[in-house]
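Report on the structure
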Amino acid sequence: MNKSGVDSLFAPAAVIGLAACLALQDAMFDYLYIPSADHAVSPLFVELLFAASAVAWSYASYRRDSTLLTESRAKTWFAVCTVAGALAAAMLATELVHAVWAFYVAAAVMGYTGASCIYLWATVYAGGVSGRHMLPTSFCALGLAAAAKWCLMHAGDAGSIAATPLFAAVTLVCFFACARGRVRFDAELLIRPRNMKSYVRVGVGLTLYALALGVTAGTTATSSTMDSMPSINADVALVGMIAAVVALLVSLASRERFTFLSAMQLFTPFVVAAMLLNVVAIQYADIWLAVTLFAWQLLRLISFGVLIEVARRGIASMALVFPLGWSALSGGGAIGVFIGQAVCPAFVEGEQAIVAVIVAVALVVVVAAMLVFGGGSMALFVNGSPAQGG
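The rules behind the values
Counting of residues starts from 1 at the beginning of each chain's written sequence and follows it residue by residue. Where local features are concerned, this predicted model is filtered to residues with pLDDT of at least 70; where side-chain atom pairs are given and counted, the filter is 80 or more; whole-chain, interface and lining totals use all residues. Hydrogens are left out, water is left out, and the side-chain values use all remaining heavy atoms of the structure. Only runs of H or I of at least four residues qualify as helices and only runs of E of at least two qualify as strands under DSSP, and these elements are numbered from the N terminus. Each residue is assigned to one of three classes by its accessible area relative to the maximum for its type, calculated with a 1.4 Å probe on protein chains only: buried under 20%, partly exposed between the two thresholds, exposed over 50%. Every residue pair with non-hydrogen atoms within 4.5 Å of one another is taken to be in contact. In these tables, accessible area is a Shrake-Rupley quantity obtained with a 1.4 Å probe, and a residue counts as shielded only by the protein chains included in the view. Each salt bridge in this description consists of a side-chain nitrogen of Lys or Arg and a carboxyl oxygen of Asp or Glu lying within 4 Å of one another. Definition of nonpolar core: a set of buried residues of the types Ala, Val, Leu, Ile, Met, Phe, Trp, Tyr and Cys, connected through side-chain atoms within 4.5 Å. When the centres of two rings from Phe, Tyr and Trp lie within 6.5 Å, Trp using its six-membered ring, the rings pair. Their planes under 30 degrees apart give stacked, over 60 give edge-to-face, and anything left gives tilted. A fitted line through C-alpha atoms represents every axis, and for helices the fit uses only the stretch in contact; the resulting angles, taken between N-to-C directions, go from 0 to 180 degrees. Each angle receives one of four descriptions, namely roughly parallel if under 35 degrees, roughly antiparallel if over 145, roughly perpendicular if within 65 to 115, and oblique otherwise. Left-handed describes a crossing in which the near helix is turned anticlockwise from the far one by less than a right angle; the clockwise case is right-handed. For this classification, the nonpolar set comprises Ala, Val, Leu, Ile, Met, Phe, Trp, Tyr, Cys and Pro, the charged set comprises Asp, Glu, Lys and Arg, and every other residue, Gly included, is treated as polar. Throughout, disulfides are identified as pairs of cysteine sulfur atoms within 2.5 Å of each other.

1. Section: the overall build of the chain
When its secondary structure is counted, the chain shows 13 helices and 0 strands. Of the regular secondary structure in the chain, the N- to C-terminal order runs α-α-α-α-α-α-α-α-α-α-α-α-α. For the chain, buried positions account for 54% of its 390 residues. Excluding contacts between residues fewer than 6 apart, the proportion of contacts in the chain whose partners are at least 24 apart in sequence is 87%. About 16600 Å² of surface is accessible on the chain, with carbon and sulfur atoms providing 67% of the total.

Okay, structure coming up:
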């Protein structure tokens, strides 16, 4: 790897910057729950749909045979997206927006800018954080983001209003510090997957994972209120802190044998158990809901690491693989939200029907796991030769 990159464990700028970016994305997502109540095509759906437009970056890079990025362009793009996304979220938090159409415009802005920022941070991490430090650094960022969210959930209206400008400012400063003269954005494009069908199967599996979790987000948004969401969001943040600590301890105890691929393998039983516990231990439904909603954040972070590893191993360039993978996640989430808000309320009534939906969604997760891990798919991510070291 580039020796001048961010190569130390928990390098402050890389960890704090990614944490602020994750917290900003999470806040933007949370602000859309209440405006999405009772809408078949909701702002939450629009946010994910515009995040899925990231696939356009892959197409443009492929057509031009270039990443289309230089350091100055990346900084400018990041600054514009961060400010625009934070302003859109702040308008929702301060309730300055009342027109229905404005919620959809804000959602579109937040979706596109959020996907842009995470892509640019992935570019920094791919070139600046070594393979052995990638997982602990990323999960440390996840834990800090969850802790910030938990604190703000207990800070009242003032905390909610201050959250997005604060997160935006922090991630912007840290991104500039990490990107300055350290990361080569204009690297030559590379495409050399050995088994395209297997990569397509993995992509479909990730989409199904996101779809299943999107259904949960959609059904939650349908019944969300000003009274219920703060408590739910605080519980999600608490689950995030616990999960991050556990992942860090396992990573340190395993002496780097615990990777993002290992985390992906544990993800399926984690999610299926949380969903089925809604049936067998319904008295703790609030806990299982928080765990399932957190699973969306966890899936995105794991995918963040796996997609970076694909680029690092010389399978495909970051400018191609990351936007494409992120679009699959976001698109699957958007479909799931639509099902949860438009389909389920229309056709699902009664306790038995709800249980059937929960079981069906859990089965979708199992099918997703079969696609991702079946047929030796995981070998695709470890047979390449690391391009950036590890």
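2. Regarding the pattern of salt bridges
Going through the model one piece at a time under the given rule, you end up with 2 salt bridges. When the shortest N-O distance is used, the salt bridge between Lys-149 and Asp-30 registers 2.9 Å. Here Lys-149 is found in helix H6 (residues 131–153), whereas its partner Asp-30 is found in helix H1 (residues 12–30), with 119 residues between them in sequence. Taking relative accessible area as the criterion, Lys-149 reaches 8% and is therefore assigned buried. Here the salt bridges share partners, and the residues they tie into one network are Asp-26, Asp-30 and Lys-149.

3. So, the nonpolar core
Ranked by size, the top nonpolar core spans 122 residues in total, and within it Trp-121, Tyr-125, Phe-139, Tyr-209, Phe-267, Phe-304 and Phe-322 carry the most contacts. Sort the elements by how many residues they give to this core and helix H11 (residues 285–312) lands first, with 16 residues. In contact with Trp-121, other than residues within four places in its own chain, are Ala-13, Ala-14, Gly-17, Leu-18, Cys-21, Phe-78, Thr-171, Cys-174, Phe-175, Cys-178 and Phe-304.

4. A look at the packing of aromatic side chains
The geometry of two aromatic rings is summed up by the distance between their centres and the angle between their planes. Going through the model one piece at a time under the given rule, you end up with 13 aromatic pairs. Between Phe-45 and Phe-338 the ring centres are 6.0 Å apart and the planes differ by 55°, which places this aromatic pair in the tilted class. In this pair, Phe-45 is assigned in helix H2 (residues 43–51) and Phe-338 in helix H12 (residues 318–347), connecting sequence segments 293 residues apart. In this structure an aromatic cluster arises from ring pairing among Trp-77, Phe-78, Tyr-119, Trp-121, Tyr-125, Phe-175, Phe-304, Phe-322 and Trp-326.

5. Describing the packing of H1 against helix H5 (residues 100–128)
Where H1 contacts H5, the axes come no closer than 10 Å and their chain directions differ by 160°. Viewed along their axes, H1 and H5 adopt a mutual orientation that is roughly antiparallel. Regarding H1 and H5, the two cross each other, and that crossing is left-handed. Residues Ala-13, Ala-14, Val-15, Gly-17, Leu-18, Cys-21, Leu-22, Gln-25 and Met-28 of H1 lie in contact with H5, whose contacting residues are Met-110, Gly-114, Ala-115, Cys-117, Ile-118, Trp-121 and Tyr-125. Class assignment for the residues of the contact of H1 with H5 results in 13 nonpolar, 3 polar and no charged.

6. Focus on the packing of H6 against H11
Remark: H6 packs on H11, axes separated minimally by 11 Å, with the N-to-C direction vectors making an angle of 155°. The angle between the axes of H6 and H11 places the two elements in the roughly antiparallel class. The two elements H6 and H11 meet at a crossing, and its hand is right-handed. Between H6 and H11, the residues in contact are Gly-131, Met-134, Ser-138, Phe-139, Leu-142 and Lys-149 and Phe-294, Gln-297, Leu-298, Leu-301, Phe-304, Ile-308 and Arg-312, respectively. Across the contact of H6 with H11, the residue classes tally to 8 nonpolar, 3 polar and 2 charged.

7. Details of the environment of Ser-61
On the secondary structure map, Ser-61 appears in helix H3 (residues 55–64). Of the residues examined, Ser-61 reaches a relative accessible area of 2% and is grouped as buried. In sequence terms Ser-61 and Leu-320 are 259 residues apart; their C-alpha atoms lie 6.9 Å from each other.

8. Side note on the state of the cysteines
Tallied over the full model, the rule gives 0 disulfides. In this structure Cys-81 is a free cysteine whose sulfur lies 5.3 Å from that of Cys-117, the closest cysteine sulfur available. Since its relative accessible area comes to 4%, Cys-81 is described here as buried. Among the cysteines around Cys-178, which has no disulfide bond, Cys-174 carries the closest sulfur, lying 6.4 Å off. Since its relative accessible area comes to 0%, Cys-178 is described here as buried.

9. Structural notes on unusual backbone geometry
Phi at Asp-38 is positive, roughly 65°, even though this residue is not glycine. Relative to the elements of secondary structure, Asp-38 occurs in the loop between H1 and H2.

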